[in-house]
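Here are the chains, one letter per residue:
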Number of protein chains: 4
Amino acid sequence: MSSTYGENLKLSVFGQSHGAAIGMTLDGIPAGLPVNIDTLQIFLNRRAPGQADFSTPRKEEDQPEFLSGIVNGFTCGAPIAAIIRNHNTRPGDYDNLRDCPRPGHADYTAQVKYGGYQDAAGGGHFSGRLTAPLCIAGGLCKQWLAEKGVRIAAHITNIAGISDTPPSLDWTNPNLDLIDSGFPVLNREAGEKMREEIAKAKADGDSVGGLIECIATGIPAGVGDPMFGGMESRIAQIVYGIPAVKGLDFGIGFTGSSLRGSQNNDPFIVDHNTVRTEKNFSGGILGGITNGMPLVFTVAVKPTPSISKPQQSVSLSRLKVQTLEIKGRHDPCIVPRAVPVIEAAAAIAIFDAMLTQY
Amino acid sequence: MSSTYGENLKLSVFGQSHGAAIGMTLDGIPAGLPVNIDTLQIFLNRRAPGQADFSTPRKEEDQPEFLSGIVNGFTCGAPIAAIIRNHNTRPGDYDNLRDCPRPGHADYTAQVKYGGYQDAAGGGHFSGRLTAPLCIAGGLCKQWLAEKGVRIAAHITNIAGISDTPPSLDWTNPNLDLIDSGFPVLNREAGEKMREEIAKAKADGDSVGGLIECIATGIPAGVGDPMFGGMESRIAQIVYGIPAVKGLDFGIGFTGSSLRGSQNNDPFIVDHNTVRTEKNFSGGILGGITNGMPLVFTVAVKPTPSISKPQQSVSLSRLKVQTLEIKGRHDPCIVPRAVPVIEAAAAIAIFDAMLTQY
Amino acid sequence: MSSTYGENLKLSVFGQSHGAAIGMTLDGIPAGLPVNIDTLQIFLNRRAPGQADFSTPRKEEDQPEFLSGIVNGFTCGAPIAAIIRNHNTRPGDYDNLRDCPRPGHADYTAQVKYGGYQDAAGGGHFSGRLTAPLCIAGGLCKQWLAEKGVRIAAHITNIAGISDTPPSLDWTNPNLDLIDSGFPVLNREAGEKMREEIAKAKADGDSVGGLIECIATGIPAGVGDPMFGGMESRIAQIVYGIPAVKGLDFGIGFTGSSLRGSQNNDPFIVDHNTVRTEKNFSGGILGGITNGMPLVFTVAVKPTPSISKPQQSVSLSRLKVQTLEIKGRHDPCIVPRAVPVIEAAAAIAIFDAMLTQY
Amino acid sequence: MSSTYGENLKLSVFGQSHGAAIGMTLDGIPAGLPVNIDTLQIFLNRRAPGQADFSTPRKEEDQPEFLSGIVNGFTCGAPIAAIIRNHNTRPGDYDNLRDCPRPGHADYTAQVKYGGYQDAAGGGHFSGRLTAPLCIAGGLCKQWLAEKGVRIAAHITNIAGISDTPPSLDWTNPNLDLIDSGFPVLNREAGEKMREEIAKAKADGDSVGGLIECIATGIPAGVGDPMFGGMESRIAQIVYGIPAVKGLDFGIGFTGSSLRGSQNNDPFIVDHNTVRTEKNFSGGILGGITNGMPLVFTVAVKPTPSISKPQQSVSLSRLKVQTLEIKGRHDPCIVPRAVPVIEAAAAIAIFDAMLTQY
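Small disclaimer: the values here were computed from a predicted structure and weren't measured.

Calculation notes
Throughout this document, residue positions are counted from 1 along each chain, in the order its sequence is written. All chains are assigned letters beginning with A, and all ligands numbers beginning with 1, in the order in which they are written. Reporting of local features is limited, given that this is a predicted model, to residues whose pLDDT is at least 70; pairs of side-chain atoms are given and counted only at 80 or more, and all residues count toward the totals for whole chains, interfaces and linings. Side-chain metrics rest on all non-hydrogen atoms present in the structure, leaving aside hydrogens and water. Our superposition of the copies is a least-squares fit, built on the C-alpha atoms of residues whose pLDDT is at least 70 in both. The contact criterion used is simple: two residues touch if any of their non-hydrogen atoms lie within 4.5 Å. Two parts placed together each lose some accessible area under a 1.4 Å probe, and adding up what both lose gives the buried area. Whenever Lys or Arg places a side-chain nitrogen within 4 Å of a carboxyl oxygen from Asp or Glu, that contact is recorded as a salt bridge. We call two N or O atoms a polar contact when they sit within 3.5 Å, provided that within protein one can donate a hydrogen and the other can accept it, with sequence-adjacent residues counted only if both atoms are side-chain atoms. Pairing between strands is defined by DSSP: at least two bridges between the two strands are required. For helices the rule is a DSSP run of H or I covering at least 4 residues; for strands it is a run of E covering at least 2, with both sets numbered from the N terminus onward. Think of it in three bands: residues with accessible area under 20% of the maximum for their type are buried, residues over 50% are exposed, and the middle band is partly exposed, with areas taken using a 1.4 Å probe on protein chains only. For every element, the axis is a line fit to its C-alpha atoms; helices are fit only across the contacting stretch, and the angle between N-to-C directions ranges from 0 to 180 degrees.

A. Structural view of the relation of the copies chain B and chain A. Take chain B, turn it by 180 degrees, move it 0.0 Å along the axis, and it overlays chain A with an RMSD of 0.0 Å. The two molecules are tied by a two-fold rotation axis, judged by turn and shift. Of all interface residues in chain B, 100% are interface residues in chain A too; the two copies therefore contact each other through one and the same surface.

Printed below as a string of C-alpha cells:
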C-alpha cells in the first residue's frame, strides 16, 4: 500500500472497513491554524451513510477523535492524528469473498497482490469507508483555505445519464450557493429525476454512477509546480485514490479536444485592473499553474460495484466460474456521498500546493 | 518547478526550449538492463518534428548524448543522464510574449509565478520540446518492460471530432500491430480524414486537438499501490505533466458513469487456467491494482494553443486588451507527435510501479 | 514538523507528551509478515520508564493498541497503525516553560518556530516519550529482520566518562548474548560504576550522558543506495531524529581519522568460501553499501537536559535573565532507556533499505 | 543508486569518474536568485585537484557548463542543470579492480550489488570526483544563503592526529576570516605540521585522514523540521553521502556525552534584546531546530583508501587471497579538498530547510 499523499503536507490514511478503527495523520501543517470541530462534523456528516434513500442503511457515526496536533482549537505544529472507531461491523458478511471475488471490486487484485493476507472483510483498506479519514484531512484543509479566501464546492452534474440543468455552474464567476444543500444539484427537478433512477436501480438490485463537478474559487494565480507537480497532476493523484473514480478532466477537458484552438483558447481580458480570461475552458490552469480563474474539474464515478443481482465470478480455489450473490449493505449510488469526498481531495491538493507559496 | 517524478525510480527533466540543452536524469534503475540505442532513436524519431504536413517545420535532431549510467550497452546502476543540444533556436521570435501572453499557454501564469524571471523564449521549460527527454526516459523503460513481456502502444482515436473506425482496439485481446506505423490510427481512411481536418485548420491559421488511447499488455496482476500509489494515480500524475493534456480516463471511464453496475462490472472468467474478465471496462485496474488484463486509458489533448490567427490578449504592463499575432513555427495539431509521449509516460509509470514487485 | 521517515516503508509518528495519545502509522509493509505482540511488548518494556533507579518514577504503560494493518497475527498489506494512550499526565507541571525555556530543550526553538502555538506541556511532540511509537515500528521491523537472519543489539559503552570493559564487542564476530539483559553492558562491574555515577548525579540534582554501540549481524552484502541513500545516511537521518543524540560514527569512525590508510583499510580475506574483511574498522559499510560484515555504529547521547538544579534562563516576555528550577519527573540518565530506541531506529532504517532488495 | 537529495529542492547528482561527464540537476529553486559564475568557479577551484603537494597530480578542469535554469544571471524557476566533461581519463588504470577489490573502497560492495555491471573505472559513481557536482549545487546555495546573511565556512581541525591551535573557532561568535585562505587552518604552523605528516605518508605510499569543523552563521532561529527533518538529520543525510566520511557530531557532540547536564546545557542570555546562549555546546540546534546561534558540526574523514603500498585483497573469481598494488593517481590526504565539499553539503541542507520558511 502507499496510502500517503502530499509534498509539503504528509497525509497518511489507515484502517480497514471492519477493523478496530480508521483514521489519518496529517504532518507538515503550520502551527496556529484554527480548527472548528463543529464545522468539520457538519462536513463529515455529508459523507456519512444512512441519511437518505440513496445510501446504505448501515449506520456509522463518523465522529473523529483527535489524538494529537491540536491544542486549544489551534494546530500546534505537531502532526495531527484522528481516528474513527468502527462499530456495527459484521465480518461474517464477507466470508465467501476470499474465494469468490466480487466483480468491479479489488477482491481479486488484493488476493493476488497480498497473497491472501489482505483483510477481505468489507473490502478492508479498499473500502469506501476509508474516504472518511480523507474527509477529516480535507475538511480541515477546507477550513484553512477558507481563511485565505479559497472556497471549494462540488455538485452532481449527472447520474445514470440524467444531466442537471444547467449542466454546470458558470465557470467564470460561479455562485456556489446555487448548489442545493440537500441533494447537491443545481436544479431540484433534475435532482428528483436522478433520485428516481437511483430508486429504480435499487429496486432492480442494481446500481448507477455519475459525474461530479468541483469548483474552487479564490485561488491566487501562480499556484502549482510543473511539470509533475502541476495542479492537474496533484489533483489527479489524490482524486484517483478515491475508490470508484475512473475519469477526470479539467475545464472543458474531453469536449475541448474536438474544438479548434481559436475556440478553445481563453482570451485574456482586464477586469478591475486584474488580468482574467473571458471564458474559462482551461479550468483555471495554464501550464499546470493556476491563472486566478476558478479551478474547475469533473470526475466520473462508476456505478457501485456492489449489487445484489447475481453476477458471474469464479472460485479462485477451484478455478471454475461461479455465480455470486452479494449480501449485506450497499449504496445503489455513491455519487451523492462522493461529493464531499471530491471536495476533500481537492482541498488537500490545493492546500498542499499553496503551502509552497508561503 | 517540480520536474521530478517517481517513487522507486527518480526522473528529473530539465531544459528550456531555447536554452543550451534539454535532458533528463533517471536514478534508481537496476544494474544490468540492456540498452538499445538504435531502438531508442527510432522511438524518439516518432516524436521529432519536421516529418510531415501536420507538424512544425522546425528541424530538431532529437539525438541524445548519454553522459552516464550506461556502460557497454548495459545500465551500470549509477544514474542515467542524457542531453539533447538545442540548435536552430530563435529567441527573438518570442520577444513580445513577456508583456503580451499567448492565450492557452503558460506565459501569463509563469510571469506571475516566476515574477518575470522565467525563460519566456519558446515557452521555456513549459515547451512541448521538454517531452523529448521524457521520451528518452520512457523509451528506455519501454525496452525494459518489453524484456518482461510488457508491450505499450498508443494510437489516435479522434482528431477534430473525427473518430477512428473502429473507435478503439479490442480491450480484452488487443492486436497492437493493427496500429498504422505512419499516422498512428487503425483505419487509414479515417486517418486521411483527420489529416484533412488538420490541413484545413492549418490553412485557417488555426489548430485542432484529439484523443489518444494507450494500451499496455502483459502487465502481471498485482501491480499498483493504493490508495495514492494506485495505477490510475501513478499514470495520471505523469500524463498530466505533459503539456496540452486536459483529460484522462481509464477503461470505459466517463462513458461508464452512465451505465448500471451490472453493465459496468466485468464478470470474471477462467481462461486457460487463468482468471480473466469477460470484458475490460475497468481498463485492467481494480482498486488501483492491475488485474492481468490489458491496461487501457484515454487522453484528451487540447488543440495547439499556438495559432497564427489574431487573438485577444492583454498588455501586462499597460493592463490593456491587445491583439496578439503569434509568429514562428508551430504544429497545427500535436496529437500525432503526442502519441509516443503518452507511451513514454505510461512506460515510466508502469516500470516504476513494477520495480516494487521485484 | 516532518515526523515521517522512510523510502519504501513510510513511518509517521504522532502525539504529544501530555496529549490524548501517541502513536505511529507504518505504510508500505509487505503482506504476510508475522507479528508477535508478546515479543513486541517485551521490547517496549525495555524503553518504558519506572523500572529502576536510573529512570523517571513516572509510570507509563506502553501497551500499544493496534488499530489496523494486522489480521490474525499477520500483516495484511494495509498501513499498520498503533496508539498508546497517555495517562497520568500533569500539564500543570509545565505552565511556566512557555515564557522561561529550559536550557538544552526545544522549548525556545519551538516557541520561535510555532509562534507560541506549540504544545509546551512536557515538551509536547519533542518529548522523549515520542520514542515509544518509534519503538513500536522498530520492534516490528526487528521481528521481520530476525526472520531474515538479521539480529540487532545495542549496549552502553560509556556513561559519564566510565567505559565498559571491554569497550566494545568484537566487530568481526560479535556475540550479542554477552550483553547483560538487565543494565545493558558487557561487564557488570563497569555497569555498577556507571549506575553509581547516575546515582551521584541524581543526588546532585544533575544528569549524565553516555555512548551506545549498536551492532547488526546477518545483513547480506549489497544493501544501501549511495550517494544519499547509503546505509550511513539512512541510519543517520533516523538516529538524529531521536531526542538527545548529538553524535554518530560508523565503525572506527572518529578514531579512524587519525590512522593511516594502511591501518584503517580492512584487508579482504576468504572465510568458508565467503569474502570477508580481516577486521571491521569500516563498520560493515563500504561506499554506503553493506559488505556482509556486522554493521557497527556508535551514538553519543547528551546528558538529560532536564535537571532539578537551578539554571539560568530568560523570560521571553520580559527579555530578562531569570533563574529556572524545573519540577516534575525526569531521568538522571536516559542512556539505558535509549538503548532499545537506537535498536528500533537501526531496525527501521535497515528494514527499509532491505525492502529495495526484494 | 539513490543520488537524489532534498525536500523542497531536489538535487540529482550523476556521472562516473571516467564516463563522458559528471553533473547535477537542481530543481525547486525559486526564480530570481542571482548567480555569480566567477564566485562559483573560485569555490569549485578549492575542491579541484592538482593544486598542491597534498593532492593528486591528475589535472581536471572543474569548469561547469550550465545547460538550463539560469537566464541572464538569474535563476528562471526551471531546473538548473550543469555538467563537467571528464578529460584525461585512463580507464585502463583500473582494469584489474573488478576481480581484486581495493580495501576501503566500494569495489567489492558495488560488485555484489550491481552484479558486475557497475562502472569499475576509477570507482565509477563512487569516485570522489562526484563531489564536484555536489560543489556546483552547494556553491550556488552558498551564494543564495549569503544573500540572506548566512555564511558557511569549514576548516581543518586535525590531520593525522595533529590538532590545529586553537582546536576550533569560537562557537558563540566565530570570526570566519581567521581561516587561512590557502591551507584551511587557523594556525599556519599547525598547518605546516599537518602537511609534513601528509608528505611523510605520501613518501611511505600511505595516506592520512582528519577532522573538519564546519560553521554556519546568520541562520535565523526556527529552521528545521523534527523529528526526522531536524537540522542534524538533514545535514547528516547529505554529509554521509560524501565518500570517506565516517563520523559526524554537532556542537560538543561526543565530548558532551561525558559531561553533566549542568555543564552541557547552554544557559540562555539576553544580548542586545535578542535571546542567545552563553556558550554553544548544542551547536546551535535544540530539538532539531536552529536557535539563532552559529550552527557547528564536525566531520571525521577517513584516510584515503587508495594507497600505493601493497595490500591484502582477494581474487573474487578464484576466491583466494591476493596482494594488490594500486597504480594511478591519488591524494595522500583528501581532507583539504573535502573542506569545500563539507561547506557545499551544509549549504544545500540549510538552504533546503530554509525554503520551508519562506
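B. Up close: the interface of chain C and chain D. Every contact between the two is made by 101 residues of chain C and, on the other side, 101 residues of chain D. In total, about 7,600 Å² of surface goes out of reach between chain C and chain D, with carbon and sulfur atoms giving 61% of it. Put simply, chain C and chain D have six salt bridges between them. Measuring nitrogen to oxygen at the nearest pair gives 3.0 Å for the salt bridge that ties Lys 246 of chain D to Glu 232 of chain C. Seen at the junction of chain C and chain D, the total is 46 residue pairs in polar contact (both at pLDDT 80 or more).

C. Inspection of the sheet that holds strand E2 (residues 10-15) of chain A at higher detail. Residues and elements named next belong to chain A. Read across the sheet, five strands follow the order E1-E2-E3-E7-E4 without closing on themselves; strand pairing throughout is antiparallel. The open sheet has two edge strands with one neighbour each: strand E1 (4-5) and strand E4 (65-68). The pairing of E1 with E2 spans two bridges and is classified as antiparallel. In the strand pairing of E2, Tyr 5 is matched with Leu 11.

D. Representation of the environment of Leu 145 of chain C within the structure. All names here are of chain C. Tracing the backbone through its elements, the reader meets Leu 145 in helix H3 (residues 131-147). Judged by its relative accessible area of 0%, Leu 145 falls in the buried class. Each C-alpha atom of the pair Leu 145 and Gly 218 lies 9.1 Å from the other, and the pair is 73 residues apart in sequence. Beyond its immediate stretch of four places on either side in the chain, Leu 145 contacts Val 150, Ile 152, Ala 347, Ile 350, Phe 351 and Met 354.

E. Structural context of the interface of chain B and chain A. Counting residues at the interface gives 101 residues for chain B and 101 residues for chain A. Across the interface of chain B and chain A, roughly 7,600 Å² is buried in total on both sides, 61% from carbon and sulfur atoms. It is Met 227, Phe 228 and Phe 268 of chain B in chain B that bury the most area against chain A; as a group they hold 12% of the surface buried on that side. Summed over the shared surface of chain B and chain A, the result is six salt bridges. The tally of links from chain B across to chain A stands at 44 residue pairs in polar contact (both at pLDDT 80 or more). At six residues, strand E11 (residues 245-250) of chain B tops the list of elements feeding residues into the side of chain B that touches chain A.

F. Focus on the sheet that holds strand E10 (residues 210-217) of chain C. Taken together, 10 strands build an open sheet; the order of strands is E9(C)-E8(C)-E10(C)-E16(C)-E11(C)-E11(D)-E16(D)-E10(D)-E8(D)-E9(D) and the sheet is antiparallel. Because the sheet does not close on itself, it has two edges, and the strands there are strand E9 (162-163) of chain C together with strand E9 (162-163) of chain D. Of the strand pairs in this sheet, strand E8 (residues 151-159) of chain C and E9 of chain C are connected by two bridges, and their pairing is antiparallel. Residue pairing in the sheet places Asn 158 of chain C in a bridge with Ser 163 of chain C of E9 of chain C. Along the sheet, helix H8 (residues 335-355) of chain C contacts E8, E10, strand E11 (245-250) and strand E16 (295-301) of chain C; its crossing angle with E8 of chain C, the most-contacted strand, is approximately 145 degrees. Strands in contact with helix H8 (residues 335-355) of chain D are strand E8 (151-159), strand E10 (210-217), strand E11 (245-250) and strand E16 (295-301) of chain D; relative to E8 of chain D, the strand with the most contacts, it is inclined by about 145 degrees.

G. Inspection of the pattern of salt bridges at higher detail. Taken as a whole, this structure holds 80 salt bridges over all chains when the rule is applied. Its salt-bridge partner being Lys 142 of chain B, residue Glu 343 of chain B comes within 2.9 Å of it at the nearest N-O pair. With Glu 343 of chain B in helix H8 (residues 335-355) and Lys 142 of chain B in helix H3 (residues 131-147), this pair connects stretches of sequence that are 201 residues apart. With its nearest N and O atoms 2.5 Å apart, the salt bridge here joins Asp 204 of chain D to Arg 260 of chain C. Note that Asp 204 of chain D is positioned in the loop between helix H4 (188-203) and E10 and Arg 260 of chain C in the loop between helix H6 (253-256) and helix H7 (261-264), a pairing that runs across two chains. Overlapping salt bridges, with partners in common, bring together Glu 7, Asp 225, Arg 234 and Asp 352 of chain A, Lys 113 of chain B together with Lys 10 of chain D in one network.

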